[in-house]
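# Observations on chain architecture
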Amino acid sequence: MNILLIEDDQNLCDTLSFQLKQEHYDVDICHDGRDGLDLMLQDAYDLVLLDRMLPTMNGLMVLKKARAAGIKTPVIVITALGELYDRIEGLDGGADDYMVKPFAYEELSARIRSLGRRSGKWEEQETLSYGDISYDVEIRELSGPNGSLMLSGREGRLAEVFLREPETLLRRMVILSRVWGADAAVEEGNLDTYMHFLRKRFSTVGSTLSLTTIRGAGYRLEMPHVS
């Protein structure tokens, strides 16, 4: 699961990021409201943890603008503002859950799992399948009609992104964010290189699936077209 943590407390960010990664979540961190909104608008995350009191734009405004733009990503507000009015304002503003600082990490973790069960979107899938391909996420094994092979970490993450959303146009910025991380200094040419690697891996295992380039937009994993 890709989690975006928008929080200006550096110590809390470091602590939560470490704890979340221990549970095998991928975490990107942002300390600023306007930057956080820009990242949310990329629609590249499965969950957002959002502080209310942020520089440049408060968290409630970030949330309202993201919802107004059609972003449906689940959001847990984490804040020191814990009065009844504050909680109602946050939930009415578009939050899916609201946690008051200080809180126990175990409770946050449970609420993340609860949101996942409620949506059915983040249930753990050890093996992803589409068409003639299957991919074991845990051991990074790609299988097809001609056998199996192991993918590198980056190839595996790229394969996972496509296999979780087949037949969907995935824009370059979204892929870069999900595979390399929102704050990673990565050249866009790296994505083209890894797309080439992944196509070769698909071919090696005998898959007929296509990783189609949509010029000027991104890529899509799709079934072969039958004429």
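Because the structure is a prediction, the values reported are computed rather than measured.

All right, on to the pairing of strand β8 (residues 141–144) then. Pairing analysis gives 3 bridges linking strand β7 (residues 133–136) to β8, with the strands arranged antiparallel. Opposite Ser134, over in β8, you have Ser143 as the bridge partner. Counting the residues that bridge the hairpin from β7 to β8 gives 4 residues, and of these Arg140 lies at a positive phi of roughly 60°. Pairing analysis gives 4 bridges linking β8 to strand β9 (residues 147–150), with the strands arranged antiparallel. Across the sheet, residue Leu142 finds its bridge partner in β9, namely Leu149. Here β8 folds back onto β9, and the loop between the two strands holds 2 residues.

Taken together, 5 strands build an open sheet; the order of strands is β2-β1-β3-β4-β5 and the sheet is parallel. If you trace the sheet from one side to the other, it starts and ends with β2 (26–30) and β5 (97–100), each paired once. With strand direction ignored, the average angle separating the axes of adjacent strands in the sheet is 20°. One ladder, built from 5 bridges, connects strand β1 (residues 2–6) with β2; its direction is parallel.

In the structure shown here, the tally under the stated rule is 13 salt bridges. In this structure, Asp26 and Arg157 form a salt bridge, with 3.5 Å as the shortest nitrogen-oxygen distance. On the criterion of sequence distance, the pair formed by Asp26 in strand β2 and Arg157 in helix α6 (residues 153–164) is long-range, its members being 131 residues apart. Note that Glu89 and Arg52 form a salt bridge whose closest N and O atoms lie 2.9 Å from each other.

Analysis parameters
- Residues numbered from 1 in each chain as written.
- Predicted model: local features only at pLDDT ≥ 70, side-chain atom pairs only at ≥ 80, totals over all residues.
- Heavy atoms only, no water.
- Pairing = 2+ DSSP bridges.
- Helix = DSSP H or I, 4+ residues; strand = E, 2+ residues; numbered from the N terminus.
- Axes fitted to C-alpha atoms, helices over the stretch in contact; angles between N-to-C directions.
- Salt bridge = Lys/Arg side-chain N within 4 Å of Asp/Glu carboxyl O.

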